[in-house]
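What the coordinates show
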Amino acid sequence: MKDSMHLKTQLVGLVGHPIKHTYSPFIHNVAFELTGLDYIYLPFNVIPSNLKSAIKGLVALGYKGFNVTIPHKVKVKEFMSKVSEEASFVGAINTVLIEEGKMFGYNTDVAGVLESLYAYRKEIADNECVVIGAGGSARAVIYTLIKHFRPSRIHLVNRTEQRAETLRQFFKTKIKFDSFTVNELIPPDIKDIIKNSVLIVNATSVGMHPDEDDAVLTQKDLFSKEQIVFDLVYNPAQTKLLKLAESAGAKTVDGIKMLVNQAAKSFEIWTGEKMPVEQVEKALLLKIKN
Ligand code: NAP
C-alpha cells in the first residue's frame, strides 16, 4: 500500500453511509500500486445531512473524483453539471469526476455488467433472460442487456411484482424495448421461465452475508449446462445460488467480477488508464480468503 504522499498525489474516494464493508479502497489502492499511478483512495462516512458540504469539501480540496454509495446515489445528482446517459437510465450515480470545479456524474454498473457478461454475448443475443430483482442494480442489468446484448425477451421477476411492472413501463417508454414479462418471485410460476432462459441474473440482496444459506432459486433441476448464472452478490464470492448452478453444470459469473469491472470503469474515468482487472480480482479474492 502507498507509503508516501506529496502535493502531486491525486485524491479520490468514496462517499457513503455506512461504509463499513466496502472493498473499494482495497481495489483502487491495489490498482494504483500495480499501475504506478500516484493516486490514493480514501473512504468517507458521510451522513445524509452532510452530503452537500462533504462533496463541496472534496471539490475545494482538489479531489479528482469519488465513488458514491448508499444512501447518496440519487441525491448526489442535484450537484452535477452533467449526468451520463447510463446514470440517467439507471437513475443513480456511483462515480463522480471533478474537473475545473465542476462535477460530472456516471454510473459504472453498466460497464461492470457489460464486461462481466461480454464473453457470453453470442449466447445471450436473441435468447431469453431472467432478471430477478427490481432495484438499482436490476436497472443497470436491464439497461445493459437491452443496449448491448439484445436478448429476445427479458423476464422481470421480483418479490414485489408492482416494482417490476414499474421497471417494465420505464424501459418500454424510455428505450422502446417491450419484450418483457413480469412475474412475482414464486418458484412454481417461474420454473418454465427459468428453464427456458439462457441467462439468469440475481440482482437482489438474497444470499448476501450473513444470510449465506439463502438463495433466490433453490432447485438444482432449474439449471442446465447451456445456462449462464450471474449473481451480483459479492459477499460471499461464491453464493449458494452459484454453487447450485455450478453443480448442475451451468456457467457462473460472480459479483466480485462485476465489482472489479465497475471499479475499473471508475478508475478509467479518473485516470484515463485501464485497470489491470485480472490482477486486482486475484488480489481481492486472496484478501477475502484470508
Ligand atoms: P435495492 O435497490 O435495494 O434492491 C433490492 C432488491 O432485492 C429488490 O428487488 C428487493 O425486492 C429484493 N429483495 C431484497 N430482499 C429480498 C428477499 N428477502 N427476497 C426476495 N427479494 C428480496 O438493491 P440493489 O442496489 O439493486 O442491490 C442488490 C444486490 O446487488 C445487493 O446485494 C448489492 O450488494 C448487489 N450489487 C452488487 C454490485 C457488484 O458490483 N457486484 C453492484 C451493485 C449491487 P422488493 O422490490 O420486493 O423489495
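Our structure's up above, just so we're on the same page.
Rules of the game
Residues numbered from 1 in each chain as written. Predicted model: local features only at pLDDT ≥ 70, side-chain atom pairs only at ≥ 80, totals over all residues. Heavy atoms only, no water. Core = buried A, V, L, I, M, F, W, Y, C linked by side-chain atoms within 4.5 Å. Buried < 20%, exposed > 50% of the residue type's maximum accessible area, 1.4 Å probe, protein only. Helix = DSSP H or I, 4+ residues; strand = E, 2+ residues; numbered from the N terminus. Domains from an automatic or database assignment. Pairing = 2+ DSSP bridges. Contact = heavy atoms within 4.5 Å. Axes fitted to C-alpha atoms, helices over the stretch in contact; angles between N-to-C directions.

**Concerning the nonpolar core**
Within the largest apolar cluster, 39 residues are counted, with the highest numbers of intra-cluster contacts made by L117, L145 and L199. Here the element with the most residues in this core is helix α6 (residues 136-149); it accounts for 8 residues. Two domains each provide a minimum of three residues to this core, namely domain 1 (10-106 + 258-289) and domain 2 (111-253). Core analysis: the second largest hydrophobic core is formed by 24 residues, F26, I27, V260 and W270 among them.

**Focus on the sheet that holds strand β6 (residues 102-106)**
The strand order across the open sheet built from 6 strands is β2-β1-β3-β5-β6-β4, with neighbouring strands paired in mixed fashion. Unpaired on one side and paired on the other, β2 (39-45) and β4 (82-83) mark the two borders of the sheet. Sitting on the sheet, helix α10 (residues 255-271) touches β1 (10-16), β2, β3 (65-68), β5 (95-99) and β6, and the angle it makes with β5 is about 5°.

**Examining the environment of L156**
Looking at the element boundaries, L156 is found in strand β8 (residues 153-158). Those residues in contact with L156 that lie beyond four places of it in its chain are V131, I142, A164, L167, R168, F180, T181, V182 and N183.

**A few points about the sheet that holds strand β10 (residues 199-202)**
Spatially, β9-β8-β7-β10-β11-β12 is the arrangement adopted by the 6 strands of the open sheet, whose pairing is parallel. Looking at the sheet topology across the chains shown, the edges are occupied by β9 (180-184) and β12 (251-253). The sheet shows a mean angle of 15° between the axes of neighbouring strands, direction not considered. The pairing of strand β7 (residues 128-132) with β8 spans 5 bridges and is classified as parallel. Bridging from a neighbouring strand, V131 pairs with L156 of β8. Its contacts with the sheet place α6 against β7, β8, β9 and β10, and it is angled at close to 165° to β7.

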